[in-house]
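Coordinate analysis (summary)
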Amino acid sequence: MQDLTTLQIKVQDPWKSPADNGWNVIDGRTINDDRTLEADVIIVGSGAGGGVSAEILSQRGLKVIVLEAAKLKTSAQFNLDESEAYRDLYQEGAMRATKDAGMTILQGRAVGGTTVVNWTSSFRTPKETLDFWRDQYAVEGLSRTELDPWFEQMEKRLKIEKWLMPPNANNDVLKRGCDALGWHAEAIPRNVSGCWNIGYCGMGCPTNAKQSMLVTTLPGALASGATLIHSAQADTLIIEGDSVTGINARPLKDDKTPTGAKLTLKARAVVTAGGSMQSPALLMRSGAPDPQGLVGTRTFLHPTNFAYGIYDKEIAPYYGAPQSMYSDEFVFKDGVDGRAGFKLEMMPMHPGLNTALVGGYGASAFDQAQRLPNLAGSIALLRDGFHEDSVGGTVELRDNGEPLLDYPVNEYLLEGTKRAHLTMLEMQFAAGAREVRPGHAHAPYYKNWKEARIGVESLEYAPTITGLGSAHVMGGLTMGQDEQRCTVNSDGSYKYLNGLYVIDGSVFPTSLGVNPQLTIYGMSARNATALADSLTA
Amino acid sequence: MDQGIDRRGFLKLGAASSALLATGSGLALLTGCSSQSEGPAEGYRYFRQQDVDLLTPLVGAVLGPALAAAGASATDGMKAYDDLLEGAMPGTRATLFQLLDLLQLGAARWFLTGSWAHFAEQSDEQLQQTLDDWSAKSNGIARMAFKGLTQPMFMAWYAKPAGAVTTGYPGPPQIVTA
């Protein structure tokens, strides 16, 4: 039996003493008086878009302030406790869901954003996706050929390489199943350096092997003179005439409620990099001009469905690099805008996440929970936003200004989910599973592929009982030169306000068909460099 | 304006199921639940006394033998649920409380779970039957309520070391701060 509980990890935390590093870090929890700070650029959010932008802009000599709502939590505090990780490092304590509870959303809320808790998969954007953006939304300058040098730059910066270690048993299921069926399967490129292969990417990497923004671009930006203000939330944009001149922010206490102080940040340019949902919500709270009513619409999730396989041999899905094998056999099978295509991957499973997704109640739920050591979890990420029946969700504001995503689960997603279920059931049986069940509240474990195929036909595919979730929130501030359908230009500038730039995953006109981090890194590097050029000209 | 519920209005009511949740608090107020406590119950940071009374039996039934396997009680499961709410945003908690206010009403319990009785007034067997009926319901809002209430119970309990170890998960490596 695999057991890592006696393994000792000595943490070397680069954040042990920020002041000794000469870093300017302000803790919003300590701000009780109103204050105003000035800079060349305010960056709202410290994740993939904000981190990359902060490093590039500050290295060009610009005075940068990075504003982050989450409190600073670094490797010395990453204790690998699942409940503490959800509480401190995820949006809404990992309780975020779409408005009708149809899809659970795992999105980071940390200094370093989702990059602190993602599973490290790093793919370049598919050419098909970028061509679709060019053809449908008049996105300019972002063809695969034009983006490749930016991907290359960020792959080097974040040490992204194909994972060369053998996959863990969970990921080996995907490889064995796909190999047996003659389907594509390949190792995943990961942003790690000296990875211990322990499997805790989702709880904050304790060894700092994961090249998240927390240990790469943010230290890079701070070393170049940037200021980080954490535990302070961007409330509204300061809009003067047709220009954005700063941010009204609220320092937050440990419990995420305001300290009551007002923090005013003034700058020549504001970059929103809060991620999808947060970035559109900031514009909505600010009453930013939006003549077509597009802000917050076309928000996408890669709606992800699940299949659980039981194996005779131990799988230990909680240990080892969480994602190391993938299959693109079905991503563009029906063309770029046909029935929902999906990418096949595996997911790491720790007890809280696993039981929450598997659900049920009473004795049978506990029986399933106890199968964890022999359980493999495969996932299919549906590409949303390409077909006319797939328009994604819409960001709304709750009465208190928090974002909420209204994303009804429709027939398009349910049809794709059923096909993906069948695909994953076949794959897991081909990999030698003893029993497999799809992530569906009414589905039993099936004993073989034939029984599964018949069983799935009798399931009711409807919202909520069909298990769906997402760790990829994209879109909401559509990029492109098509004025009728887009709010952001291809260089990241907002169409209806001067001085406002959107540099994060919000600008994607559709989902991607791959895990989004490298796309955000590459596009952000390009657009932050263009912004630096214009501000230093 | 026609105040009667004609066919068209009725259909609209069915389609806008989330509106029922949204008006849950209001309904509870109208029917006399307003005298209930609004502050957290003793020993809890978020759940109010009426939530603790309502949900503790349900937590016991949903988590079932998992609690006993850890030498824990339904109250321990309920406390874990309360801890989970610490990470949530005020808006997330408000939505949950609206649902809980709604479930204080017998009619709403019947509509959502198939049983009129308060969870504290059901025997263990009756609660299992309620869960059987509730999880098999075909109306969207009942399904939404079931998932919305039970999913966090699992997340809350099994993410705790005491719950986690009962799944066969040995636990994480040890962290030694340099």
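Remember, predicted model here, so these are calculated numbers, not experimental data.

Attention now moves to helix α2 (residues 82-89) of chain A. Burial runs high along α2 of chain A: 6 of the 8 residues are buried. The set of residues buried in α2 of chain A consists of E82, S83, A85, Y86, D88 and L89 of chain A.

Turning our eyes to something else, we now look at the interface of chain A and chain B. Reports of interface size often rely on the accessible area that becomes lost once the parts have come together. Taken together, the contact between chain A and chain B spans 53 residues of the former and 46 residues of the latter. Secondary-structure elements contributing two or more residues to the side of chain A that touches chain B are β1 (8-11), α2, α8 (351-358) and α9 (362-369) of chain A. Top contributing element to the side of chain A that touches chain B by residue count: α9 of chain A, with 5 residues. For the side of chain A that touches chain B, the per-class residue count stands at 28 nonpolar, 14 polar and 11 charged.

Bringing the confidence of the model for chain B into the picture now. When pLDDT is averaged across chain B, the result is 84; 79% of the residues are at 70 or more. Reported confidence for the predicted complex is 0.94 by ipTM and 0.95 by pTM.

Residues and elements named next belong to chain B. One way to put it is that helix α4 (residues 49-63) packs onto helix α6 (residues 74-87) with a least axis distance of 8 Å and a crossing angle of 110°. Taken together, the axes of α4 and α6 lie roughly perpendicular to each other. Residues V52, L55, T56, P57, V59, G60 and L63 of α4 form the contact with α6, whose own contacting residues are A74, T75, G77, M78 and Y81. Looking at the contact of α4 with α6 residue by residue, the classes come out as 8 nonpolar, 4 polar and no charged.

All names here are of chain A. Relative to the helices and strands, R339 resides in the loop between β15 (325-326) and β16 (342-346). Assessed through the 17 C-beta atoms surrounding it within 10 Å, R339 is described here as partly exposed. Setting aside its immediate chain neighbours within four residues, R339 contacts D334, E415 and G416.

Moving on: α4 of chain B. With 15 residues, α4 of chain B extends 21 Å from end C-alpha to end C-alpha; this agrees with the ideal 21 Å at 1.5 Å per step. Along α4 of chain B, the helix axis deviates most sharply at L55 of chain B, where the bend reaches about 35°; the proline P57 of chain B sits within four residues downstream. Judged by how many residues are buried, α4 of chain B sits mostly within the fold: 12 of 15 residues are covered. Tucked inside the fold, the buried residues of α4 of chain B contact α9 of chain A together with α5 (65-69), α6, α7 (90-102), α9 (124-135) and α10 (140-158) of chain B. Within two residues after α4 of chain B, G64 of chain B carries a phi angle of roughly 55°, on the positive side.

Further remarks concern the nonpolar core. Counting 217 residues, the largest nonpolar core has V41, I42, I43, V44, V64, L67 and V270 of chain A as the members making the most contacts within it. Element by element, the count of residues in this core is highest for α10 of chain B, at 12 residues. The residues that make up this core include at least three from each of domain 1 (24-120 + 123-157 + 196-293 + 478-536) and domain 2 (169-191 + 304-383 + 410-467) of chain A. For I42 of chain A, the residues in contact, after removing those within four places along its chain, are I65, L67, G246, I247, L265, A267 and V270 of chain A.

Residues and elements named next belong to chain A. Here D235 lies in strand β10 (residues 232-240). Looking at D235, the number of C-beta atoms within 10 Å reads 16, which means it is partly exposed. Put simply, D235 and S286 are 51 residues apart on the chain and 7.9 Å apart in space, counted from C-alpha to C-alpha. In this view, D235 contacts N248, A249, R250 and R285; residues no more than four positions away in its chain are not counted.

This part takes up the domain arrangement of chain A. All names here are of chain A. One can read the domain layout of chain A as domain 1 (24-120 + 123-157 + 196-293 + 478-536) and domain 2 (169-191 + 304-383 + 410-467). Using C-alpha coordinates to define each centre, domain 1 is positioned 31 Å away from domain 2. Each partner contributes residues to the interface: domain 1 has 20 residues there, and domain 2 has 21 residues. A per-class count over the side of domain 1 that touches domain 2 returns 7 nonpolar, 9 polar and 4 charged.

Quick notes on the rules
Residues numbered from 1 in each chain as written. Chains lettered and ligands numbered in written order. Predicted model: local features only at pLDDT ≥ 70, side-chain atom pairs only at ≥ 80, totals over all residues. Buried ≥ 20, exposed ≤ 12 C-beta atoms within 10 Å, placed from the backbone. Helix = DSSP H or I, 4+ residues; strand = E, 2+ residues; numbered from the N terminus. Contact = placed C-beta atoms within 7 Å. Nonpolar A, V, L, I, M, F, W, Y, C, P; charged D, E, K, R; others polar. pLDDT = per-residue confidence, 0-100. Axes fitted to C-alpha atoms, helices over the stretch in contact; angles between N-to-C directions. Parallel < 35°, antiparallel > 145°, perpendicular 65-115°, else oblique. Expected span 1.5 Å × (residues − 1). Bend = angle between axes of the 7 residues up to and from the residue. Core = buried A, V, L, I, M, F, W, Y, C linked by C-beta atoms within 7 Å. Domains from an automatic or database assignment.

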